[in-house]
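Structural overview
Here is what each chain is made of, one letter per residue.
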Amino acid sequence: MTATASTSVAHPVRRWVLDLTAVAVLLVVASAGFWPTFAGPSFAPAAVGGILLGLAVAALCAWRGWGILIITGLTVAVYFVFGGALALPHTAIAGVVPSIDTLVALAIGVVTSWKQLLTTVAPVSAADGHLLVPFIVALVSSVTAASLALRLRRVGWALVPIVGALILVIALGVPQPAFPLVQGIVLAAASVFWLSLRSWWVPQHSAVDVAEADPARAAHMRVRRLIGAVAVVAVAAGGGVAASAATAPVQPRHVFRDAIIPPFNVRDYPSPLQSFRKTVRDQKQKTLFTVSGLPEGARIRLAAMDDWDGIVYNVTDGGPETSSAFTPLRSDMAPEAEGVPVSLRIEVVDYSGVWVPGIAAADDVLFDGARAEDLRRSAYHNTGTGTTVVTAGLKKGDAYTVEAVVPAEVTDEQLKGVDFGNIKLPELTNVPEDLGNIAADETTDAESPIEKVRALESYFAEGGFFSHGLEGEVLSRAGHTAERIGTLLGGDQMIGDDEQYAVVMALAANEIGIPARVVMGYYPKKEKAGDPVFTATGEDVHAWVEVNFEGFGWLPFSPTPPEDKVPNDQNTKPKVDPKPQVLQPPPPPQEPVDLPPTVPDDREPQDDSLNILGIIGIILAIGGISLLVLLILSSPFIVIGAWKAARRRARRSADSASDRISGGWDELTDRAIDYGARLAPGATRIEEAATVSAALEVPTVTALADRADGQVFGPHEPSEQDVEAFWAEVDAVVGGLGENAGFWKRMKARLSIRSLTGNGRMAARMQDLKDAAAARVRREPGNIDKNTARHESETP
């Protein structure tokens, strides 16, 4: 008898511990999906703290038997009290105590934090207030899941908010998953183990308790059930691992962020090569930026360009099928690079633009200064081309450190017999027709890939002349369009600078199958190479060609003639039929260049910002409508609960003690009516007690009805102690009604309005009040003597 009783008492405690632990484990696994969004575990304190606080609220309310209104109120209170320390520590006093700014941010953050998270380029920073989202998700989901688990007999309903939290974490995250395989296995295993153990510990839900008939058989069945559950999880996990290894997702998953933030498009920014001649002309003596720690022979690059359309050589972001793909800036971007590690300190002076001066094999870029966070969040890097872009734009005063690897110098001797790399570049269009023939003719005698590249390099470097076309120099037009390249090749002599020669060699190389691209950047003159600080000016800007060799990567080549090789009377070829020179019109502006449309388009241009604002507006509208619907759906709880609470307060605070006793009995019968008891209009308390006892199996109400009649109609007014004792018994009986009912029946009783609209019972209660008032009048001492005298005079 003692063992059975102790077991029955221990089961609820063990069940509560199991339920709370399972909910915590499942929600921690679901919250791990925020890892890629924050690029690490910085979200963990907010998420874990929200889970623990939610479990505490759910456990306290379940222990005290409090309803949904109190649960909601406590959740809101916990959010404002602990939200500052866990989600907004930078606004709290000493990082813990919420300030006015903290409370305002928490109130506004319920609506705005979702938009801020989705409209910020990932990875996001915890210091920007983005921790509110994991904190809210963890708090609300843990309160809901734990409340369902502790209050419902079918614990499987608690998995609904947990799965909802997992889906929400995925939708609010980034296309790259965190730990999908581990998350799936742990969630499945923990759920099956939880449900199996709950079923094991609650045998009373079965029609027959096997343990009472045969304890040995019961133990055997429970062990077999647990082993079966473990086997199912193991088989499912193994199948999941095998399927994951055999099949890879063809496309990344789609999340909310994709619909709100348009993907980064490098074509939104003009090619840096378009500003080459402007840099030479207008910034010749200006200090653009300084570089500390640049090794001798290394080059600072702005961008590598691998696509040409006949108008401009441009940077592409073609994805995995081409040589380039831009992704948000991160650390460890060049894990396989070989060479000498260097740390470059770059400080911006008069340079401005989105193209970040750097080095090819950059492993990490660390911004500092007042704009460090804005620059980091708007930075994208292309590991294939070594190009970095900050959409916020660099300007004077910005500074950053580049951790990179400078490869060892490669000689032609090492490249003998080395083939070109298998690199797929974008298809070039509008290439001058004669360029392929020129390239083929110049490389006919070459016996190896490196000899082909050197032959092309020599053809342009030795056969051309150098001129920027500035004041006092030979005419040399800027630009690198198909017309300009045709003029370079078709004139009596080739005259140009780095812009034209780099483009023409890259085009010629690609025409005969050599993977080549154009790079623009800066490097010091020979006499200044090796200086501790490289001061980059407009004189130091260059463009060169890079060719990819198998096993060696991209190597630089310079087809530009020496700057002192200028055309003059001795080296200028005579013209057969000289014609008067026609002054060429000034070239069209090269920055930026708008591509002419091939097909007339009468449609009005679309404003992408309007699309983004429209999407954000739709999301906010959906959120507002959802909140309004939630308020409308919850209004019956609030109105009916407030109505019943007001009636209880009126009864509890009636003027006379006997009226408070009557009000206590009325409170009991009203709750009984809400739970389904049908009381006849005008029935006495004894009759009502019999009905309640039979309908709801509450035998103690009969004695309580006798006490109510005795105290209301008795010769003396009840004392305050009598009233308190009577109401305490009423509350105990009412609480017992809820304990014996299920969750849905309790919810139905709380929403019931039968006790509020019973007109017959209200008339009967009015008659009871009149009888009680008459009884009080008769109990008054003066009236007792008068009634006695009247009675004696009327007696014959």
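Our subject is the structure that appears above.
Here's a quick rundown of the structure. (Residues numbered from 1 in each chain as written. Predicted model: local features only at pLDDT ≥ 70, side-chain atom pairs only at ≥ 80, totals over all residues. Heavy atoms only, no water.)

Attention now goes to a negative patch on the surface. A cluster of like negative charges, contributed by E473, E539, E563 and D564, occupies part of the molecular surface. Mapped onto the elements of the fold, E539 is located in the loop between β15 (533-536) and β16 (541-549). (Patch = residues over 30% accessible without salt bridge, like charges linked within 9 Å, V, L, I, M, F, W, Y side chains within 5 Å. Areas by Shrake-Rupley, 256 points an atom, 1.4 Å probe, with all protein chains shown as cover. Salt bridge = Lys/Arg side-chain N within 4 Å of Asp/Glu carboxyl O. Lys, Arg positive; Asp, Glu negative; His and termini not counted. Charge placed at Lys NZ, Arg CZ, Asp CG, Glu CD. Helix = DSSP H or I, 4+ residues; strand = E, 2+ residues; numbered from the N terminus.)

The subject of this paragraph is the nonpolar core. A general feature of soluble globular proteins is that nonpolar side chains tend to end up buried together. In this structure, Y313, W355, F367 and F549 are the most contacted members of the largest nonpolar core, which totals 82 residues. Of all the elements, helix α17 (residues 498-511) adds the most residues to this core, at nine residues. Once residues within four sequence positions are removed from consideration, F367 is found in contact with L329, A372, L375, R376, A379, V390, L394, A399 and Y400. If you look at the next biggest cluster of nonpolar residues, it comprises 51 residues, including L132, F135, V137 and L197. (Core = buried A, V, L, I, M, F, W, Y, C linked by side-chain atoms within 4.5 Å. Buried < 20%, exposed > 50% of the residue type's maximum accessible area, 1.4 Å probe, protein only. Contact = heavy atoms within 4.5 Å.)

Okay, the side chain of H468 next. Along the chain, the position of H468 falls in the loop between β12 (464-466) and α16 (482-490). By relative accessible area, H468 is classed as buried at 12%. Within the structure, the side chain of H468 is placed 2.9 Å from the side chain of D497, a separation counted as a polar contact. Once residues lying within four places of it in the same chain are set aside, the contact partners of H468 are F276, R277, V280, E473, S476 and D497. (Polar contact = N/O pair within 3.5 Å; in protein donor to acceptor, adjacent residues only side chain to side chain.)

Another aspect to go through is unusual backbone geometry. Within the chain, A39 stands out as a residue other than glycine whose phi angle is a positive 55°. Take A39: it is sitting in the loop between α2 (35-38) and α3 (44-64). Residue class for A39 comes out exposed when judged on its relative accessible area of 56%. Residue N430 is not a glycine yet carries a positive backbone phi of 60°. Assignment of secondary structure puts N430 in the loop between β11 (399-406) and α14 (433-442).

Further remarks concern the pattern of salt bridges. One pass over the full model with this rule turns up 22 salt bridges. The residue D282 makes a salt bridge to R281 at a minimum N-O spacing of 3.0 Å. The shortest N-O distance in the salt bridge between R371 and D398 comes to 2.5 Å. Remark: D398 occurs in the loop between β10 (387-394) and β11 and R371 occurs in the loop between β8 (361-368) and α13 (372-377); sequence separation between them is 27 residues. Across this residue pair, the class does not change: R371 and D398 are buried. Where salt bridges share partners, they join R647, R651, E667, D670, R671 and D674 into one cluster.

Another point: the sheet that holds strand β5 (residues 326-328). Taking strand neighbours across the sheet as the criterion, the four strands line up as β5-β9-β10-β7 in an open arrangement whose pairing is antiparallel. Of all strands in the sheet, those bounded by a partner on one side alone are β5 and β7 (353-355). If you compare each strand with its neighbour and ignore which way they point, the axes differ by 25° on average. Bridge count for strand β9 (residues 379-382) against β10 is four bridges, and the pairing is antiparallel. Bridge pairing links N382 to T387 in β10. (Pairing = 2+ DSSP bridges. Axes fitted to C-alpha atoms, helices over the stretch in contact; angles between N-to-C directions.)

The next subject is the sheet that holds strand β14 (residues 516-522). Taken in spatial order, the four strands line up as β2-β14-β16-β17 in an open sheet, and their pairing is antiparallel. What marks the edges here is a single partner per strand, and that holds for β2 (300-305) and β17 (553-557). The average undirected angle you get between the axes of adjacent strands in this sheet is 35°. Relative to β14, β2 is paired through five bridges, and the arrangement is antiparallel. Pairing of A303 across the sheet is with M520, part of β14. Relative to β16, α17 is tilted by about 15°, and along the sheet it contacts β14, β16 and β17.

Our next topic: the packing of aromatic side chains. Tallying each qualifying case throughout the model produces twelve aromatic pairs. Seen in terms of ring centroids, Y79 and F135 are 5.9 Å apart; in terms of plane orientation they differ by 20°. Their pairing is stacked. Separated by 56 residues along the polypeptide, Y79 in helix α4 (residues 68-87) and F135 in helix α6 (residues 132-151) bring together distant segments of the chain. For the ring pair F367 and Y400, a centre distance of 5.5 Å and an interplane angle of 55° mean the geometry is tilted. Highlighted residues: F367 in strand β8 and Y400 in strand β11, separated in sequence by 33 residues. For F367, a relative accessible area of 13% puts it in the buried group. A residue is classified by how much of its surface remains accessible, and Y400, at 0% relative accessible area, is buried. (Phe/Tyr/Trp six-rings, centres within 6.5 Å; stacked < 30°, edge-to-face > 60°.)

What follows is about helix α15 (residues 449-463). An ideal rise of 1.5 Å per residue puts 21 Å on 15 residues; α15 measures up with 21 Å between its terminal C-alpha atoms. Buried within α15 we find P449, I450, V453, L456, E457, F460 and A461. The buried residues of α15 all sit within an arc of 130° when viewed along its axis, so they share a single face. (Expected span 1.5 Å × (residues − 1). Arc of directions from axis to C-beta.)

Within an α-helix, residues lying three or four positions from one another point in the same direction, as the helix has 3.6 residues per turn. Under the 1.5 Å per step criterion, the end-to-end length of α6 is 28 Å for 20 residues, consistent within 8% with the ideal 28 Å. Buried residues dominate α6, accounting for 17 of its 20 residues.

In this section: the pairing of β16. Most of β16 is tucked away, with nine of its nine residues classed as buried. Bridge analysis of β14 against β16 gives seven bridges, and the strand direction is antiparallel. Among the inter-strand pairings, G521 is bridged to a residue of β16, identified as H542. Here five bridges tie β16 to β17, and the two strands are oriented antiparallel to one another.

The next thing to look at is a positive patch on the surface. Taken together, the side chains of R678, K745, K748 and R754 define a basic patch exposed on the protein surface. With respect to the helices and strands, R678 occurs in the loop between α19 (657-674) and α20 (685-696).

On to the environment of V255. Along the chain, V255 falls in the loop between α10 (215-246) and α11 (256-260). Once residues within four sequence positions are removed from consideration, V255 is found in contact with I170, A171, G173, V174 and P175.

Two elements, strand β1 (residues 289-292) and strand β6 (residues 340-348), share four bridges in a ladder whose sense is antiparallel. For S292, the partnering residue across the bridge sits in β6 and is R345.

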